[in-house]
Number of protein chains: 4
Amino acid sequence: MSSMTFMSDLFSTIADRGRALLDLKPGHHAVDRDIGGLAEALVSSRGEASGVALARSLLELYEGLSDQDKIDFFKLLVSDFGPDLEILNDTIERYQQSPDATSVIEIHKAAEPSRQELIRRLNLAPGGTRALVSMRKFLLTQVRENPDLKALDSDFHHLLDSWFNRGFLVMRRIDWNTPAAILEKIIRYEAVHAIDDWDDLRRRIDPPDRRCYAFFHPALVDEPLIFVEVAFTESIPDAISPILAKTREILTPEQANTAVFYSISNCQAGLRGISFGNFLIKQVIDDLRQDLEHIENFVTLSPVPGFVQWLTSNAQESAGLNADEKAALEKVQESGWQDDTSKAENLGKVLLPLAAHYFLQEKSKGSPYDPVARFHLGNGARLERINWLADRSDRGMQQAAGLMVNYLYVIADIESNHEAFASNNEVVTTNEVTRLFKSRSTR
Amino acid sequence: MSSMTFMSDLFSTIADRGRALLDLKPGHHAVDRDIGGLAEALVSSRGEASGVALARSLLELYEGLSDQDKIDFFKLLVSDFGPDLEILNDTIERYQQSPDATSVIEIHKAAEPSRQELIRRLNLAPGGTRALVSMRKFLLTQVRENPDLKALDSDFHHLLDSWFNRGFLVMRRIDWNTPAAILEKIIRYEAVHAIDDWDDLRRRIDPPDRRCYAFFHPALVDEPLIFVEVAFTESIPDAISPILAKTREILTPEQANTAVFYSISNCQAGLRGISFGNFLIKQVIDDLRQDLEHIENFVTLSPVPGFVQWLTSNAQESAGLNADEKAALEKVQESGWQDDTSKAENLGKVLLPLAAHYFLQEKSKGSPYDPVARFHLGNGARLERINWLADRSDRGMQQAAGLMVNYLYVIADIESNHEAFASNNEVVTTNEVTRLFKSRSTR
Amino acid sequence: MSSMTFMSDLFSTIADRGRALLDLKPGHHAVDRDIGGLAEALVSSRGEASGVALARSLLELYEGLSDQDKIDFFKLLVSDFGPDLEILNDTIERYQQSPDATSVIEIHKAAEPSRQELIRRLNLAPGGTRALVSMRKFLLTQVRENPDLKALDSDFHHLLDSWFNRGFLVMRRIDWNTPAAILEKIIRYEAVHAIDDWDDLRRRIDPPDRRCYAFFHPALVDEPLIFVEVAFTESIPDAISPILAKTREILTPEQANTAVFYSISNCQAGLRGISFGNFLIKQVIDDLRQDLEHIENFVTLSPVPGFVQWLTSNAQESAGLNADEKAALEKVQESGWQDDTSKAENLGKVLLPLAAHYFLQEKSKGSPYDPVARFHLGNGARLERINWLADRSDRGMQQAAGLMVNYLYVIADIESNHEAFASNNEVVTTNEVTRLFKSRSTR
Amino acid sequence: MSSMTFMSDLFSTIADRGRALLDLKPGHHAVDRDIGGLAEALVSSRGEASGVALARSLLELYEGLSDQDKIDFFKLLVSDFGPDLEILNDTIERYQQSPDATSVIEIHKAAEPSRQELIRRLNLAPGGTRALVSMRKFLLTQVRENPDLKALDSDFHHLLDSWFNRGFLVMRRIDWNTPAAILEKIIRYEAVHAIDDWDDLRRRIDPPDRRCYAFFHPALVDEPLIFVEVAFTESIPDAISPILAKTREILTPEQANTAVFYSISNCQAGLRGISFGNFLIKQVIDDLRQDLEHIENFVTLSPVPGFVQWLTSNAQESAGLNADEKAALEKVQESGWQDDTSKAENLGKVLLPLAAHYFLQEKSKGSPYDPVARFHLGNGARLERINWLADRSDRGMQQAAGLMVNYLYVIADIESNHEAFASNNEVVTTNEVTRLFKSRSTR
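**A closer look at the overall build of chain A**
Right, so step 1: A count of helical and extended segments in chain A gives 20 helices and nine strands.
Right, so step 2: Projecting the C-alpha coordinates of chain A onto the three principal axes gives extents of approximately 75 × 55 × 45 Å.
Right, so step 3: For chain A, the residues scored as buried account for 60% of the 443 residues in total.
Right, so step 4: Contacts in chain A between residues far apart in sequence, at least 24 positions, make up 74% of those at least 6 positions apart.
Right, so step 5: For chain A, the centre of its 48 positive side-chain charges and the centre of its 65 negative side-chain charges are spaced 2 Å apart.

**With respect to the nonpolar core**
Right, so step 1: Membership of the largest hydrophobic core comes to 219 residues, with the highest contact counts inside it found for F164, F307 and I386 of chain C together with F164 and F307 of chain D.
Right, so step 2: In contact with F307 of chain C, not counting residues within four places along its chain, are L351, L354, A355, Y358, D370, Q399, A400 and L403 of chain C.
Right, so step 3: Among the nonpolar cores identified, the runner-up in size contains 218 residues, and A55, F276, V308 and F359 of chain A belong to it.

**What about the packing of helix α8 (residues 128-142) of chain B against helix α9 (residues 150-163) of chain B?**
Residues and elements named next belong to chain B.
Right, so step 1: For the pair α8 and α9, interaxial distance at closest approach is 11 Å and the crossing angle is 140°. Two packed elements cross with a definite hand, and for α8 against α9 that hand is left-handed. Between α8, through L132, V133, M135, R136, L139 and L140, and α9, the contact on the second element is made entirely by L152, D153, F156, H157, L160 and W163.
Right, so step 2: Considered class by class, the residues forming the contact of α8 with α9 number nine nonpolar, one polar and two charged.

**Structural notes on the interface of chain A and chain B**
Put simply, an interface is often sized by how much accessible area is lost when its parts join up.
Right, so step 1: In this complex, chain A contributes 77 residues to the contact, which on the side of chain B involves 77 residues.
Right, so step 2: Between chain A and chain B the total buried area reaches about 6700 Å² when both faces are included, carbon and sulfur atoms providing 64% of it.
Right, so step 3: In this assembly, chain A and chain B are joined by zero salt bridges.
Right, so step 4: Here chain A is connected to chain B by nine residue pairs in polar contact (both at pLDDT 80 or more).
Right, so step 5: The greatest single-element share of the side of chain A that touches chain B, amounting to 15 residues, is contributed by helix α1 (residues 2-23) of chain A.

**Some thoughts on the relation of the copies chain A and chain B**
Right, so step 1: Each copy superposes on the other: chain A lies on chain B with an RMSD of 0.1 Å after a rotation of 180° and an axial shift of 0.1 Å. Such a combination of turn and shift is consistent with a two-fold rotation axis.

**Focus on the packing of aromatic side chains**
Residue and element names in this part refer to chain A.
Right, so step 1: The final tally for this structure, using the stated rule, is 50 aromatic pairs over all chains.
Right, so step 2: On the basis of an interplanar angle of 45° and a centroid distance of 6.0 Å, the ring pair of F74 and F138 is categorised as tilted. You can see F74 sitting in helix α4 (residues 67-80) and its partner F138 sitting in helix α8 (residues 128-142), a full 64 residues away along the chain. Accessibility classification places F74 together with F138 in one group, the buried group.

**Some points on the state of the cysteines**
Residue and element names in this part refer to chain C.
Right, so step 1: Inspection of the entire model under this criterion finds zero disulfides over all chains.
Right, so step 2: Residue C267 stays outside any disulfide, its sulfur separated by 9.1 Å from that of C212, the closest cysteine.
Right, so step 3: The exposure class of C267 is buried, given its relative accessible area of 7%.

**Focus on helix α16 (residues 341-361) of chain B**
Right, so step 1: Taking 1.5 Å of rise per residue, 21 residues should cover 30 Å, and α16 of chain B covers 29 Å from first to last C-alpha, within 8% of that figure.
Right, so step 2: The principal kink in α16 of chain B, of about 35°, is found at G348 of chain B.

**Regarding unusual backbone geometry**
Right, so step 1: Of note, the phi angle at K365 of chain C is positive, near 50°, even though the residue is not glycine.
Right, so step 2: Structurally, K365 of chain C is set in the loop between β6 (363-364) and β7 (367-368).
Right, so step 3: Residues other than glycine seldom take positive phi values, yet N425 of chain D does so here, at roughly 60°.
Right, so step 4: Note on placement: N425 of chain D falls in the loop between α19 (414-424) and α20 (431-441).
Right, so step 5: Classification of N425 of chain D as partly exposed rests on a relative accessible area of 36%.

Quick notes on the rules
Residues numbered from 1 in each chain as written. Chains lettered and ligands numbered in written order. Predicted model: local features only at pLDDT ≥ 70, side-chain atom pairs only at ≥ 80, totals over all residues. Heavy atoms only, no water. Helix = DSSP H or I, 4+ residues; strand = E, 2+ residues; numbered from the N terminus. Buried < 20%, exposed > 50% of the residue type's maximum accessible area, 1.4 Å probe, protein only. Contact = heavy atoms within 4.5 Å. Lys, Arg positive; Asp, Glu negative; His and termini not counted. Charge placed at Lys NZ, Arg CZ, Asp CG, Glu CD. Core = buried A, V, L, I, M, F, W, Y, C linked by side-chain atoms within 4.5 Å. Axes fitted to C-alpha atoms, helices over the stretch in contact; angles between N-to-C directions. Left-handed = near helix turned anticlockwise from the far one by under 90°. Nonpolar A, V, L, I, M, F, W, Y, C, P; charged D, E, K, R; others polar. Buried area = accessible area lost by both parts, 1.4 Å probe. Salt bridge = Lys/Arg side-chain N within 4 Å of Asp/Glu carboxyl O. Polar contact = N/O pair within 3.5 Å; in protein donor to acceptor, adjacent residues only side chain to side chain. Least-squares fit on C-alpha atoms with pLDDT ≥ 70 in both. Phe/Tyr/Trp six-rings, centres within 6.5 Å; stacked < 30°, edge-to-face > 60°. Disulfide = S-S within 2.5 Å. Expected span 1.5 Å × (residues − 1). Bend = angle between axes of the 7 residues up to and from the residue.

The structure is reproduced here in structure tokens:
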């Protein structure tokens, strides 16, 4: 145990190094004002002797650049820091003459852009990882307008994906004893059900029937990568407001039989495309199963961000809406109907079967149209239930006509569910949802 | 500060995960007895849903294999987990038609053996990094007899080099408050001047004029990667025994003006080829300069492991030994001469100039013949002094005729020294050594 | 360093023990429903074998008592858990026959109420210290109406004073990385200038020119005992609002030459009468002097809580107010005059000299009338300056007519100032304040 | 949890303060060369303003004193730092006039020697607690020759007993991950079965069927107060050598049903008379019961340090030895008989009943003659079994003729056992021991 604490001291060093950079005024240490020249030096043999110092200088210089200068730097990396094509061509020739393991490896090495070595060496600087994640965050905002930057992003993605391998991540519980600096980020990064203020935050992390877990990486001090909020309930919930309510009866963990994942938020824009959610959910389930043996259900209460967008776009045409549904489509776009019981009830009769169709049939590039469905079904969860008027917030009404969905994680089925989904695009669901779906198609 | 400790808790999780695996009896959890099948599954889409579990099973299964079965598994990885050659050929064709950034990236991706993805996914398992380092350790012992395994080692090297990037390492001081489990490894891994027992260890880490620093990686709990032992002295030392003496006058750090790096040991055979020493020495110098402003000299007291081997092999022919030197060569191979003052003095007159020649002229593949010289000169240090009868231990006599060398690190000169060395094979040294060298050649 | 972390692990145990008790439902473990009987058992020999369990039961039982039952329990302790008078009388007799060191010690022992042993044994329980501090907090609210409880309070004070000896306290910086659970208490316990919300808190602990420090005790987890808020400024401040302003220019610590202690709050009502402030201020000064060598002035910006109360009570009669002063006394009690520049200016001319009189002359039981003056002068500080319209808040106007005071801590003078104060009731001050004082008396 | 780590940081401060003092050369900071004058100042009002500095100076000065000067200082404390007898006499008078709660408290206060306040104020210094414990350690060595120093020791004992209340102690497991600086002390302080070297230590703390636990106090960094070594076995052991054996079969904790406390050592001579062992054993039992539910027996394997001493002294006369026993008494004092099977067997027949008599009947001041028996029986354990030839080491033979004893801790019986022992001097034991006893008495 104290060996753990010995090791745990390690972090202070990482942290101090990380902080060190941030405290520096841009350019303070930079001896070389030409960022391209610094990059050149860093990948050269000079970088071997003085890599840490050069990387530090380059990152400081970069910090002080204007947006346009940053973009120009990125473009320079794309144009001038690719692989050496002469060597690549040679290796290809050798490969084509004798296509064996050795010649393939040589191609792989020769085809690696020197940008990748540059990024690896930038990571030598104190706070380098943080700076690189931040650099990619900005890069991603520029790719649409500058598609040639995709090559650079591909390098970033390749390295960050390897460095942020789940084996290097650690899951921590977030609670009322967590440092304020981290809690503040939880408030800021919450992407599903906004956290109003510190009182709201406390309601989500402090009571005995609430949990919050996050992944961290040793080199990104103080920065959650992703977090999930969990509520313990007595049954699978069909609406979000009882969970978020300011006043409610608090359960002891022993009273609950269900763990509800009601909010999952990615925190780092610079790590886009690197998947943490699947691992986080499964780790939380693992841990909860050990701690709380009486929890039987591990289920989400998820938004349906694509439903109204689908319904009101051309995409729905494939569903062949009937007259009732077309009428419903009109009404959905009005506001306030959720407070009119009979209107809402009538709409529900039409929209629930349509939602079942949406989940079971509608695809985008072969995967479910709905991104949240894509995520949980891809993780091996089952589409458990579609809940009517489950989220009456403005956002919930606008994007999903108030619908929310439960995805159920049954440990024993995860792999087969995933296989069915990955191989055959099959959406595993319940009889109830299937009946809903059929009620429409047989109409 | 307490945010640091928050982060530092993270390690316990990593550690527990790491320990978990080691405690398992081999095969305990493995459901699938075919390691090839498991590897196949892990890189397939099944690996996306159940990567952690599959990786764990595979590593457990591997642990239980015989050496021969491990080798067979390695061979399978080389033969069956390379890149998809059809795709590779397609991308080469596309590249040859339009050689642009995109097509180059595609080649790079297509040429990547699926072994690399396999290794990345094995890292998902608790303790995965440790298991992979251990796997490579065994692999390295097999490469000479099975040269085709080099392809697999190349993949290991590529990934471990990226994962053990200096930006992810943390330096810790090793002292008498360090957990015994780590100190025990310091005793075991010391490769230069063996540590006899716990008392000897204490003499090297506890007194105020001794320091020891090591690099650690967050995912390799309890495992130093490399460590360096430092002595504070009043001048640049010319022999090792006063430093290792059981009884000696202990200085306060304030009395010293020199920090002597008298032992550097790599600890992880599985990380061979990944360079830490350069970074460690420079980090220690940085830290000491901040703590102890009166330390002026940062210098090694290094062995000369190649000298006698060079002298007694054909290699020395290039030096054109004269009669005296040939006579000395005979005497050196006798034993006990170091205790005969006049014999030793006479030998010194001949061997010191020859050693200067050895350091300044003798090359192996363009670099200094002596591996320790290669390392420090490559780091930008200067060959400061050659010391006669500096190491009278059996080992010191046998490999270096008692010679030891000081390499001096002058911060301001490191980069230019390195440049001179890297570009022109130039060995930067002092007038004294140059004079020694000339005294022979002009003879 | 890692030995530190070994030791630091210790706290988790203390903490867990502390938490354990609090989580218990009252009476959950209590086997014996009679608290008096439990107390009896605890001080008896039964308490030697089963002290921890008995103490735990008693504290749980106590938690569940009504206020009146608690008071009855306290009364029982006073009546039945005093010293054994027979033994006491014997020892007095022996002492009177032979008054030596031994017989005096025997008296001391015999006169000790068995309540003290009871309290010591209650401390054996997990969370015992916390429970005892809380018990005394309630006790203190009852002493006025039940003066006989003073005997019990005297025992509590004696033991807590010894247990919370400064040698056992640790000072921690409170900043934005401090756990929210502790920050929340800082908000709640701030007694001088209320903290409005988390944003206000952050303004006081996070910027580089703000600091906050607290004392903690190992056995009172998560509970600050006292804290002080510090601002770094460019000169000795003469008003509080620039310090508390929402928007202001933030200094680097290097720009400042003055550290201002602008708020000191005791946190634990159950530790009343145990002095921490003196030690905290001096420790903070010590630490800041080491960290920030350019800080020259260590000074407070303090309220004057007794001024208006003194002025409007009979107490002022001793000052012999003249006509102007009597008129001012009337005006002071009106509201809003601080916003009328000429009114305020005229009042200032009268009130500042009167305040100087108040500080230099007015005593209560030989000490300065003003409690804050008593504290800082008793610590060895000097009355540096009286600031007009320095606190225009409602509270500041009502209790001090807007006055605030700087007390200056000059390390070299602390001891002599304290001596002058302690021995001769002398208030060390500046020529400026003396002049103010004389301007009145000579009028 | 991170709040724990926040709190745990606290220790570093305590520790640094503690270290600070030790690093000082004696007298370095002392401004006042007269230790009596410093003591005077420290208890005076000067001590209120400058307590920390004065305490520090005094302790530094003390460190540099010769033994004789220390003794003189102690004597000064006895003669000049007692209570004020005039005041004491006044309070006695008042008490005799009106013997109520108030007047009793006044006597208690007046009878307190000012030495106690001096000791409390010495504790203000960084490292004060450690220095005071060390001061008492030396004091205890002087009391026999200077009985008047008992008064001072009484004050030390009173305060240390209160400060080292079990409520402030923390129990830590000692294992192979514990810092070497602490392990080294375990080796040094082991008082029952000496630890030969680091390998021997490791055999006692590292295997899964071995445990070691120690109590620590927050203010005594790195210093275990007491520790206990535990072995897990498959039955109640009847000899020590299988437990200490260099090579033996190692059990998993699950295979064991018995936890054997085979060594308990107090570490701090300066805390003599303050009892930790009772609390430590019970805490370890509590913790093991939670962790390892299958452990049924909590038992010691204890030495019998008084047996041979009793047997060979006049003390045995009370037992009325018969002829066989007298003969045995002779033989016991020879050496080597333990290796002669028949001799040993014959001796056993005589000595075992005599040992039963020794445990059940022989008293010193009303308590069992044997100090280890006194301790465990006083804790509420039961005398379970007397083992013949259980410790064949020189020490075991010399002090106990090879006998060892098991004391069994049965949680449910602890309190009643203790009561029987404390009230009636009753030694609770088994039928087997009773039979042994009777076999002698009825002979």
